[in-house]
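Tertiary structure, described
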Amino acid sequence: MSLCMAVQALTPSAVDWERRQRLVSEHLQLLSSKLKSNHSIHISTFGSSLSGLCLADSDIDVGLFGRFNGCLLESLTPKQQQSLLRLVLNAVYAAKLARNQQVQPIWGARVPVLKYTCQLSGLQCDISLQGAGALVKANFIHILSINCKQLSALYRLVK
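In this report, we go over the structure that sits alongside the text. Remember, it's a predicted structure, so these values are computed and weren't measured experimentally.

Cut-offs applied
- Here the residue numbering is sequential within each chain, running from 1 through the sequence in written order.
- Given that this is a predicted model, residues contribute local features only at a pLDDT of at least 70 and side-chain atom pairs are listed and counted only at 80 or more, while totals for whole chains, interfaces and linings are drawn from all residues.
- The side-chain numbers reported here are obtained from all heavy atoms of the structure, hydrogens and water having been left aside.
- Helix and strand labels come from DSSP, where a helix needs a run of H or I of at least four residues and a strand needs a run of E of at least two; each type is numbered from the N terminus.
- Take the residue count of a helix, subtract one, and multiply by 1.5 Å to get its expected span.
- Residue exposure (1.4 Å probe, protein chains only): buried if accessible area is under 20% of the type maximum, exposed if over 50%, otherwise partly exposed.
- What the arc describes is the spread of directions from the helix axis to the C-beta atoms.
- Contacts are assigned to residue pairs with any non-hydrogen atoms lying within 4.5 Å of each other.
- Residue types Ala, Val, Leu, Ile, Met, Phe, Trp, Tyr and Cys, when buried and joined through side-chain atoms within 4.5 Å, form a set referred to as a nonpolar core.

**Comments concerning helix α5 (residues 132-147)**
Under the 1.5 Å per step criterion, the end-to-end length of α5 is 23 Å for 16 residues, consistent within 8% with the ideal 22 Å. For α5, every residue scored as buried is listed here: Ala134, Ala138 and Ser145. Taken down its axis, α5 places every buried residue within 30° of arc, on the same side. α5 presents Val136, Ile143 and Asn147 as exposed residues on the side facing more than 90 degrees away from its buried surface.

Okay, structure coming up:
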């Protein structure tokens, strides 16, 4: 198989991309609607889900951005991180976003994460606390990939 054929096989079709975007958008809207919080929390995709360089079966990277109890998320203590993720976990359950309502919290990770299979799309979903740098990086990579098609091809081959 040539490299061009490999890249083409790894690149989602326009129909697959549109379906993925629609399902991810619906997922984020449902999660946001159930996250009852008076904190300044913003929910967004990041990584390859935001940069447009995901594969058809790539996981959905969901980031929580902003402030919790007046603190930037990246400066929260581990206990505060768990407290916020427990609120999000309850929102995931309330929105029935996880297949079979099975969510795996990984508290001991460098960045605590909630992992589950999305009921809507069947894709793996990871929710974690992120700093604004994650959005900047994904948007920068997106701009580069639009202007340099070789970058998106290389990224998909390496991923």
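**Remarks on the environment of Ile60**
Looking at the secondary structure, you find Ile60 in strand β2 (residues 60-68). With 33 residues separating them along the chain, Ile60 and His27 place their C-alpha atoms 9.9 Å apart. Residue contacts for Ile60: discarding those within four places in its chain leaves Arg20, Val24, Thr45, Ser49, Ser121, Leu123, Gln124, Cys125 and Asp126.

**Details of the nonpolar core**
In this structure, Leu31, Leu64, Leu84, Val88, Val92 and Ile127 are the most contacted members of the largest nonpolar core, which totals 28 residues. Elements with a contribution of two residues or more to this core: α2 (14-34), β1 (41-45), β2, α4 (78-95), β4 (98-106), β5 (113-118) and β6 (124-129). If we ignore the near neighbours within four places in the chain, the residues touching Leu31 are Ile43, Val62, Val88, Ala91, Val92, Leu97 and Ile127.

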